[in-house]
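Each chain, letter by letter, is given below.
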Amino acid sequence: MVGKLTASRSMRATWPREPENEIPALLSVSWVEALPVEHVERLVALALAEAGADVAVAGSTTSDISEGLEAVRGQGRRALRVEADLTRTGDVASMVKSVVSEFGKVDILVNNARVEFGKPFVDVTAAEWDAVMDYNVRSMFLCSQEAGRQMLRQGGGRIVNIGSGLAARGLRNSAVAS
């Protein structure tokens, strides 16, 4: 990512059925393997908190998602940590229920769960391939499906999928992530 990720209060005008004084809830899905040097989860959480959203950040028990939560709280918004294995259907369903229980709704889902590793493609094992597909594809599908169900029940919402930048540009020994 190049530059600063920003959001403005004018984004609220595009969210349907929102009274002017109602603040949207956000479910920002992140994972410890999501390239912590980029701090994508923190930037997304911060930008949406600046726009007035309350934010839930979800990840595994080993995820370091506290940075995103601190950024949200620093903007005076509510922040919720949800521990979940985003590759498991039951965990994802519980995650969405937790967010709805705390915030009352899910207006935005930001899928940012992914894993990348450097290894020549010809040396990648089937288990490594499966792990990449689970984190990069399955988790996005499960989270979108479960949050989508909630969004349909509440009358709408938005889903943002953040994929690997390696899909647009190559990197030596990173063919699996692309």
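Preceding block: the structure.
Heads up: these notes are all about the structure in this document. (Residues numbered from 1 in each chain as written. Predicted model: local features only at pLDDT ≥ 70, side-chain atom pairs only at ≥ 80, totals over all residues. Heavy atoms only, no water.)

Observations regarding the environment of Gln150
Here is step 1: Inspection of the secondary structure assignment puts Gln150 in helix H4 (residues 126-154).
Here is step 2: Accessibility expressed as a relative area gives 10% for Gln150, which makes it buried.
Here is step 3: C-alpha of Gln150 to C-alpha of Val106: the two residues are 44 residues apart in sequence and 7.0 Å apart in space.
Here is step 4: When sequence neighbours within four positions are dropped, the list of residues in contact with Gln150 reads Val96, Val100, Lys105 and Val106. (Helix = DSSP H or I, 4+ residues; strand = E, 2+ residues; numbered from the N terminus. Buried < 20%, exposed > 50% of the residue type's maximum accessible area, 1.4 Å probe, protein only. Contact = heavy atoms within 4.5 Å.)

Quick look at the pattern of salt bridges
Here is step 1: A complete count under the given rule lists six salt bridges for this structure.
Here is step 2: Between Asp54 and Arg77 there is a salt bridge, and its shortest N-O distance comes to 3.0 Å. With Asp54 in strand E2 (residues 54-59) and Arg77 in the loop between helix H2 (66-74) and strand E3 (79-83), the pair connects residues that are 23 residues apart, well separated along the chain.
Here is step 3: Here Lys105 and Asp107 are joined by a salt bridge, their closest N and O atoms 3.5 Å apart. For the residue pair Lys105 and Asp107, the accessibility class agrees, reading buried in each case.
Here is step 4: Where salt bridges share partners, they join Asp54, Arg77 and Arg78 into one cluster. (Salt bridge = Lys/Arg side-chain N within 4 Å of Asp/Glu carboxyl O.)

Distances and angles like these do not, on their own, reveal function.
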